[in-house]
Amino acid sequence: MSASEKPVGIAVLGLGNVGTEVVRILDESAEDLAARVGAPLVLRGVGVRNVSDDRGVPVDLLTDDIEALVARDDVDIVVEVMGPVEPARKAILAALESGKSVVTANKALLAQSTGELAQAAEQARVDLYFEAAVAGAIPVIRPLTQSLAGDTVLRVAGIVNGTTNYILSAMSDTGASYDSALADASALGYAEADPTADVEGYDAAAKAAILASIAFHTRVTADDVYREGITKVTAEDFESAKALGCTIKLLSICERITNGDGQESVSARVYPALVPLDHPLAAVNGAFNAVVVEAEAAGRLMFYGQGAGGAPTASAVLGDLVMAARNRVQGGRGPRESKYARLAIAPIGVVPTRYYVSLYVSDKPGVLSSVAAEFAKREVSIAEVRQEGVVNEGGQRVGARIAVLTHRATDAALSETITALGDLDAVSSVASVLRMEGAGE
Ligand code: NAP
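Residues numbered from 1 in each chain as written. Predicted model: local features only at pLDDT ≥ 70, side-chain atom pairs only at ≥ 80, totals over all residues. Heavy atoms only, no water.

1. Overview of the overall build of the protein
Here is step 1 of the chain: Regarding its fold elements, the protein presents 14 helices and 18 strands.
Here is step 2 of the chain: Taking 2.2 N^0.38 as the reference for a compact globule, 441 residues should give roughly 22 Å; the C-alpha atoms of the protein span a radius of gyration of 25 Å, in line with that estimate.
Here is step 3 of the chain: Taken along the three principal axes of its C-alpha coordinates, the protein extends 90 × 50 × 30 Å.
Here is step 4 of the chain: Scored against the burial criterion, the 441 residues of the protein give a buried share of 51%.
Here is step 5 of the chain: In the protein, once contacts between residues fewer than 6 apart in sequence are set aside, the share between residues at least 24 apart is 73%.
Here is step 6 of the chain: Accessible area for the protein stands at about 19,500 Å²; split by element, carbon and sulfur atoms hold 49% of it. (Helix = DSSP H or I, 4+ residues; strand = E, 2+ residues; numbered from the N terminus. Rg over C-alpha atoms; globule rule 2.2 N^0.38 Å. Buried < 20%, exposed > 50% of the residue type's maximum accessible area, 1.4 Å probe, protein only. Contact = heavy atoms within 4.5 Å. Areas by Shrake-Rupley, 256 points an atom, 1.4 Å probe, with all protein chains shown as cover.)

Next up, the structure:
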């Protein structure tokens, strides 16, 4: 064996959906991977909670002592696919501090602790790769950090959570309620027993934080991301969406915002939004993910594919692993964390979006003009209004429903308008307020 063929020792932490596939590909593609890296990748051990001889991996490779596995002298790269923030954070820090490169798929950890991890990687001059943390198999981290390194990214908007996209697609296709679409998603294994992280938008917010940090060279954490989940989206919202030529998607949006004084800030936000049917994200259905990047010189780029699942996620992990191993063999390092721009985080109140507002009102003359006046008072410009009668089961007209589509307005102006509308005697209820994305001004 020549010096350049000295094996690269790998420890894999986690043998679940992703870890099992990582270990399988490492074994089945060993020869190809060795040729691509310039040295064999040798699996030194796999960290799990339960060591037993029926896990499809030689039992002598399994250990529940994560600390000892990471500390082994013959481990050069640690692949973390365990999951929870702890003990993953501790294991990754220990690996980095002892000069080992790390590949991780752990979005929750990265969205909280990128700074700490990046600093440890920097001090030890090793790699920290995390392509699999956002949108599974879809290459989006590397295009943003490397392919677009010479461009100015303006906006990154994506569907990055397969569970919620599955639920919303089912509601759109069948007219089902949120509860029934969630129950179906759970029965088919698309939603976890506790779906909170997905349906309340926490998972999408973690990914938005990672994307915004990279796109805008600014450290953004999950706490900086404005977040609304999909639990309040109704079948009636989908009917309204259809009438407007739209569908509803849970979007993660990262945007460079420039105020009137020319000052730039970063907005990172997650919410369900109306998306016009001719927008590329409207066609992303089921458990698929997609990310649309808009850059000054490149224009619009779209990345689409499987955003989760053992094998697709393992593909992204293996891609990172080959990069990290090549750097070990050939010398050099991957890109460091880039946070030089240090842009401020824009509060949601200043972020301009279009809105759809639907109200139940009493069926009297002058109601429409009093509703319109509340929008005008706060300089929320109306693009379109529809009014239709509401009839009871006996066919009697009992009120009206007014649907308003606005031009772009700030969240603060719209929120004030909604409060004022709710206080009007003629308004019996505000049925829904939805943002609209991707439909121009
Ligand atoms: P999973 O199926 O729940 O597997 C987790 C694995 O980690 C299990 O093998 C478990 O051991 C091990 N583990 C957990 N806590 C441990 C501890 N304290 N000590 C030792 N071992 C521990 O998870 P997964 O779906 O593969 O996801 C792994 C990571 O990838 C997560 O960070 C997830 O967010 C990320 N990710 C997953 C996907 C996906 O589609 N699944 C996509 C993108 C990113 P036992 O088997 O012994 O219980």
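2. Notes on the site of the ligand
Here is step 1 of the chain: As a matter of local geometry, the ligand sits amid 21 residues, with Leu-15, Val-18, Asn-50, Arg-55 and Gly-309 nearest to it.
Here is step 2 of the chain: The contact in question runs from an oxygen atom of the ligand to an N or O atom on the backbone of Gly-309, over 2.6 Å.
Here is step 3 of the chain: Summarising the interface, the protein chains cover 79% of the accessible area of the ligand, which totals 900 Å² for the free molecule.
Here is step 4 of the chain: When the residues that make up the shell around the ligand are grouped by side-chain class, the tally is 10 nonpolar, 8 polar and 3 charged. (Near = heavy atom within 4 Å. Polar contact = N/O pair within 3.5 Å; in protein donor to acceptor, adjacent residues only side chain to side chain. Nonpolar A, V, L, I, M, F, W, Y, C, P; charged D, E, K, R; others polar.)

3. Thoughts on the packing of aromatic side chains
Here is step 1 of the chain: The full count for this structure, using the stated rule, is 2 aromatic pairs.
Here is step 2 of the chain: On the numbers, 4.2 Å between centres and 20 degrees between planes, the contact of Tyr-166 with Tyr-190 is stacked. Highlighted residues: Tyr-166 in helix H7 (residues 162-174) and Tyr-190 in the loop between helix H8 (178-187) and helix H9 (196-199), separated in sequence by 24 residues.
Here is step 3 of the chain: Tyr-166 sits in the buried class, given a relative accessible area of 18%.
Here is step 4 of the chain: For Tyr-190, a relative accessible area of 38% puts it in the partly exposed group.
Here is step 5 of the chain: Between Phe-288 and Tyr-304, the ring centres sit 5.3 Å apart and the planes meet at 5 degrees, which makes this aromatic pair stacked. Of the two residues, Phe-288 sits in strand E11 (residues 288-295) while Tyr-304 sits in strand E12 (residues 299-306), which places them 16 residues apart along the sequence. (Phe/Tyr/Trp six-rings, centres within 6.5 Å; stacked < 30°, edge-to-face > 60°.)

4. Observations regarding the sheet that holds strand E2 (residues 41-47)
Here is step 1 of the chain: Sheet architecture is open: 6 strands sit in the order E3-E2-E1-E4-E5-E6, paired in parallel fashion. Bordering the open sheet on either side are strand E3 (62-63) and strand E6 (128-129), each of which pairs with just one other strand.
Here is step 2 of the chain: Here helix H4 (residues 85-97) sits on the sheet in contact with strand E1 (8-13), strand E4 (77-80) and strand E5 (101-104), set at roughly 150 degrees to E5. (Pairing = 2+ DSSP bridges. Axes fitted to C-alpha atoms, helices over the stretch in contact; angles between N-to-C directions.)

5. What to know about the UniProt feature "active site" (unreviewed entry) in the protein
Here is step 1 of the chain: Mapped onto the present numbering, the UniProt feature "active site" (unreviewed entry) falls at Lys-207.
Here is step 2 of the chain: Within the secondary structure, Lys-207 is located in helix H10 (residues 202-215). (UniProt positions renumbered as here; feature names shortened; annotations may be inferred.)

6. Quick notes on the UniProt feature "binding site: NADPH" (unreviewed entry) in the protein
Here is step 1 of the chain: In the numbering adopted here, UniProt assigns the feature "binding site: NADPH" (unreviewed entry) to Lys-107.
Here is step 2 of the chain: Secondary-structure assignment places Lys-107 in helix H5 (residues 107-124).
Here is step 3 of the chain: For Lys-107, a relative accessible area of 28% puts it in the partly exposed group.

7. Here's the deal with H10
Here is step 1 of the chain: Relative to the 20 Å expected for 14 residues at 1.5 Å per residue, H10 spans 20 Å between its end C-alpha atoms, a close match to the ideal helical length.
Here is step 2 of the chain: Among the 14 residues that make up H10, 13 are buried, leaving the element largely enclosed by the rest of the structure. (Expected span 1.5 Å × (residues − 1).)

8. Points about the nonpolar core
Here is step 1 of the chain: Of all hydrophobic cores here, the largest spans 80 residues; its most connected members are Leu-144, Val-156, Ile-167 and Leu-274.
Here is step 2 of the chain: Here this core gets 10 residues from one element, more than from any other, and that element is H10.
Here is step 3 of the chain: The contacts of Ile-167, once residues within four sequence positions are left out, are Tyr-178, Ala-181, Leu-182, Ala-185, Val-199 and Ile-230.
Here is step 4 of the chain: Counting 33 residues, the second-largest nonpolar core is a separate cluster that includes Leu-41, Val-48, Ala-132 and Ala-325. (Core = buried A, V, L, I, M, F, W, Y, C linked by side-chain atoms within 4.5 Å.)

9. A closer look at unusual backbone geometry
With the exception of glycine, most residues fall at negative phi, and the peptide bonds are largely trans.
Here is step 1 of the chain: Along the chain, Glu-86 connects to Pro-87 via a cis peptide bond; the corresponding omega equals 10 degrees.
Here is step 2 of the chain: One non-glycine residue, Ala-135, adopts positive backbone phi at about 60 degrees.
Here is step 3 of the chain: Residue placement: Ala-135 occurs in the loop between E6 and helix H6 (141-147).
Here is step 4 of the chain: With a phi angle near 45 degrees, Arg-342 is a residue other than glycine that sits in the positive phi range.
Here is step 5 of the chain: Among the structural elements, Arg-342 can be located in the loop between helix H12 (310-330) and strand E13 (344-345).
Here is step 6 of the chain: Using a relative accessible area of 59% as the deciding quantity, one classes Arg-342 as exposed.

10. Here we look at the pattern of salt bridges
Between side chains of opposite charge, a pair can form as their charged atoms come close.
Here is step 1 of the chain: Under the criterion given, the structure shown has 28 salt bridges.
Here is step 2 of the chain: Ionic pairing is found between Arg-155 and Glu-255, a salt bridge with its closest N-O pair at 2.9 Å. With Arg-155 in strand E7 (residues 153-159) and Glu-255 in strand E9 (residues 246-258), this pair connects stretches of sequence that are 100 residues apart. The same class applies to Arg-155 as to Glu-255, namely buried.
Here is step 3 of the chain: For Lys-377, the salt bridge goes to Glu-374, with nearest N and O atoms at 3.0 Å. Of the two residues, Lys-377 and Glu-374 both sit in helix H13 (residues 367-377), 3 residues apart, roughly one turn of that helix.
Here is step 4 of the chain: Judged by its relative accessible area of 58%, Lys-377 is exposed.
Here is step 5 of the chain: On the accessibility criterion, Glu-374 (8% relative accessible area) is buried. (Salt bridge = Lys/Arg side-chain N within 4 Å of Asp/Glu carboxyl O.)

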